[in-house]
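Single-letter residue listing:
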Amino acid sequence: MEQDWIWGFVGGLMIGGAGALFLLMNGRIMGASGIVGGLVDGSGRSNRGERLAFLTGLILFPPLLASFYDHVDTRLTGNIWLLVAAGLLVGFGTRLANGCTSGHGVCGISRLSWRGLAATIAYIAAGGVVVLMFRHWLGVI
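Here's a quick rundown of the structure.

Rules used in this analysis
- Residues numbered from 1 in each chain as written.
- Predicted model: local features only at pLDDT ≥ 70, side-chain atom pairs only at ≥ 80, totals over all residues.
- Heavy atoms only, no water.
- Helix = DSSP H or I, 4+ residues; strand = E, 2+ residues; numbered from the N terminus.
- Contact = heavy atoms within 4.5 Å.
- Lys, Arg positive; Asp, Glu negative; His and termini not counted.
- Charge placed at Lys NZ, Arg CZ, Asp CG, Glu CD.
- Buried < 20%, exposed > 50% of the residue type's maximum accessible area, 1.4 Å probe, protein only.
- Phe/Tyr/Trp six-rings, centres within 6.5 Å; stacked < 30°, edge-to-face > 60°.
- Salt bridge = Lys/Arg side-chain N within 4 Å of Asp/Glu carboxyl O.
- Patch = residues over 30% accessible without salt bridge, like charges linked within 9 Å, V, L, I, M, F, W, Y side chains within 5 Å.
- Areas by Shrake-Rupley, 256 points an atom, 1.4 Å probe, with all protein chains shown as cover.
- Expected span 1.5 Å × (residues − 1).
- Polar contact = N/O pair within 3.5 Å; in protein donor to acceptor, adjacent residues only side chain to side chain.

## A few points about the overall build of the protein
Stage number 1. What the protein contains, in helices and strands, is six helices and zero strands.
Stage number 2. The principal-axis extents of the C-alpha atoms in the protein amount to approximately 45 × 35 × 30 Å.
Stage number 3. Sequence-distant contacts, at least 24 apart, represent 40% of the contacts inside the protein between residues at least 6 apart.
Stage number 4. Here the protein carries 9 positive and 6 negative side-chain charges, and the mean point of each set is 18 Å from the other.

In structure tokens:
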């Protein structure tokens, strides 16, 4: 049996642990889109250093971890325009939904939030439709 599933499990534990630690240390929900959004729109000036530290860890930790492995296959597409479009759509969607999967999915569901559950169901459904569309109908990914 292939053991690739273990990386998703480990990643989930790391995100959940980071969310719990962020909540314990700051008393606030760890929503990546809110952290980035507060830097972009200026509403997070009061805790700018904390937000920058979070983003720095988010950006620097994966390459640091990858250096311990011979081969890391992300199964990421080489189509740069598709990646740009996906990033813009995800950014727009997180603003539209007032949060992202880390805030609603990881932290919201763990707090038994109905809003978090509803948002997560919508994310999963939308992701399924997008994969169906782009992979199976359009053949882009």
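## Regarding helix α2 (residues 32-41)
Stage number 1. Within α2, burial applies to S33, I35, G37 and G38.
Stage number 2. G42 sits one or two residues past α2 and shows a positive phi near 85°.

## A word on the environment of R28
Stage number 1. With respect to the secondary-structure elements, R28 resides in the loop between α1 (5-26) and α2.
Stage number 2. Classification of R28 as partly exposed rests on a relative accessible area of 34%.
Stage number 3. Considered as a pair, R28 and C107 are 79 residues apart in the sequence and their alpha carbons are 9.9 Å apart.
Stage number 4. Ignoring sequence-local partners within four residues, the contact set of R28 consists of F22, L23, N47 and E50.

## Quick look at the packing of aromatic side chains
For any pair of aromatic rings, the description rests on two quantities: the centre-to-centre distance and the angle between the ring planes.
Stage number 1. Here the structure, examined in full by the defined rule, presents two aromatic pairs.
Stage number 2. Ring centres of F22 and F54 lie 6.0 Å apart, and the angle between their planes is 65°; on these two criteria the pair is classed as edge-to-face. Taken as a pair, F22 in helix α1 and F54 in helix α3 (residues 48-66) lie far apart in primary sequence, 32 residues in all. The residues F22 and F54 share a single accessibility class, namely buried.

## Considerations on the pattern of salt bridges
Stage number 1. Counted by the stated rule, this structure contains one salt bridge.
Stage number 2. When the shortest N-O distance is used, the salt bridge between R28 and E50 registers 2.2 Å. Pair noted here: R28 is in the loop between α1 and α2 and E50 is in helix α3, with a separation of 22 residues, a long-range link.
Stage number 3. Using a relative accessible area of 27% as the deciding quantity, one classes E50 as partly exposed.

## Notes on a nonpolar patch on the surface
Stage number 1. Together, V129, V131, L132, M133, W137, L138, V140 and I141 make up a nonpolar patch on the protein surface, roughly 710 Å² of accessible area in all.
Stage number 2. Its place among the elements puts I141 in the segment after α6 (114-137).

## A few points about α6
Stage number 1. The end-to-end C-alpha distance of α6, which contains 24 residues, comes to 33 Å, matching closely the 34 Å that a straight helix rising 1.5 Å per residue would cover.
Stage number 2. Of the positions making up α6, those classed as buried are G116, A119 and T120.
Stage number 3. The secondary structure elements touched by the buried residues of α6 are α5 (101-110).
Stage number 4. With a side-chain oxygen positioned 3.4 Å from the backbone nitrogen of R115, the residue opening α6 is S113.
Stage number 5. G139 lies just past α6 and shows a positive phi near 70°.

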